[in-house]
Amino acid sequence: MMGIDLAIRRKNASAIIDVVGNIGYSDVTVLQEYIKQNITRRTSNVILNMKKTPIVSSSAFPLMYRLHETLTNTEKNLFLMNVNDELHETLQNQGYQEKFKFITNENLNSILES
């Protein structure tokens, strides 16, 4: 298992995390720790740029949703950006599409309807 590579960029009150690689169950824990270490109180939005994330394991979806809930409880928004069509369809089939906010660019002016 290769794991994921993560890099953070900041834009205004947003933290944009570039995710490279397939996300498996254990990778969500890595992602959670990365967010915990790199997000400040001033961060309002966490954007996961998934342009280079072809696959998210179905076992990872519950943990991804728990991450979303954790951020929401701390008054932060989680956005999934550049999600490919196949992953979008898988999220929909698993019943998770309506639970996430999808955007097409980091300006947050492109929130997609579920």
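Residues numbered from 1 in each chain as written. Predicted model: local features only at pLDDT ≥ 70, side-chain atom pairs only at ≥ 80, totals over all residues. Heavy atoms only, no water.

Draft legend 1. Just the overall build of the protein chain, in detail. Helix and strand counts for the protein chain stand at three helices and six strands. Ordering the α and β elements of the protein chain from the N terminus gives β-β-α-β-α-β-α-β-β. The C-alpha radius of gyration of the protein chain comes to 13 Å, within 12% of the 13 Å expected for a compact globule of 114 residues. Each principal axis of the C-alpha distribution contributes one length, and for the protein chain these read about 35 × 30 × 25 Å. The buried share of the protein chain, taken over its 114 residues, is 41%. Between the centroid of the 12 positive side chains of the protein chain and the centroid of its 12 negative side chains there is a distance of 10 Å. (Helix = DSSP H or I, 4+ residues; strand = E, 2+ residues; numbered from the N terminus. Rg over C-alpha atoms; globule rule 2.2 N^0.38 Å. Buried < 20%, exposed > 50% of the residue type's maximum accessible area, 1.4 Å probe, protein only. Lys, Arg positive; Asp, Glu negative; His and termini not counted. Charge placed at Lys NZ, Arg CZ, Asp CG, Glu CD.)

Draft legend 2. Representation of helix 3 (residues 85–93). Every buried residue belonging to helix 3 is among Leu87, His88 and Leu91, and all of these are buried. Buried residues in helix 3, looked at end-on, bunch into an arc of 105 degrees, giving them a common side. Every exposed residue of helix 3 that faces more than 90 degrees away from the buried side is listed here: Asp85, Glu86, Gln92 and Asn93. The elements touched by buried residues of helix 3 are strand 3 (45–52), helix 2 (61–73), strand 4 (77–81) and strand 5 (101–103). (Arc of directions from axis to C-beta. Contact = heavy atoms within 4.5 Å.)

Draft legend 3. Expanded view of the pairing of strand 3. Within strand 3, six of the eight residues are buried, leaving the element largely enclosed by the surrounding structure. Pairing analysis gives six bridges linking strand 2 (residues 14–20) to strand 3, with the strands arranged parallel. Paired with Val20 across the strands is Lys52, a residue of strand 3. Tracing the backbone out of strand 2, into helix 1 (residues 25–38) and back to the parallel element strand 3 gives a crossover that is right-handed. Bridging between strand 3 and strand 4 involves five bridges; their strand directions are parallel. Bridging across to strand 4, Val46 finds its partner in Leu78. On the question of chirality, the crossover connecting strand 3 to the parallel strand 4 by way of helix 2 is right-handed. (Pairing = 2+ DSSP bridges. Right-handed = clockwise from strand over helix to strand, strands pointing away.)

Draft legend 4. Highlighting the packing of helix 1 against helix 2. One can describe the packing of helix 1 onto helix 2 by two numbers: an axis separation of 9 Å at closest approach and a directional angle of 20 degrees. The angle between the axes of helix 1 and helix 2 places the two elements in the roughly parallel class. Along this stretch, helix 1 crosses helix 2, giving a crossing that reads as right-handed. Contacts between helix 1 and helix 2 involve Tyr25, Val28, Leu31, Gln32 and Ile35 on the former and, on the latter, Leu63, Met64, Leu67 and Leu71. Broken down by class, the residue content of the contact of helix 1 with helix 2 amounts to eight nonpolar, one polar and no charged. (Axes fitted to C-alpha atoms, helices over the stretch in contact; angles between N-to-C directions. Parallel < 35°, antiparallel > 145°, perpendicular 65-115°, else oblique. Left-handed = near helix turned anticlockwise from the far one by under 90°. Nonpolar A, V, L, I, M, F, W, Y, C, P; charged D, E, K, R; others polar.)

Draft legend 5. Just the pairing of strand 4, in detail. Buried residues dominate strand 4, accounting for four of its five residues. For strand 4 and strand 5, the ladder comprises three bridges, and the chain directions are parallel. Counted as the bridge partner of Leu80 is Phe102 from strand 5. Read from strand 4 through helix 3 to strand 5, the crossover connection turns out right-handed.

Functional significance is not addressed by these values, which are geometric in nature.
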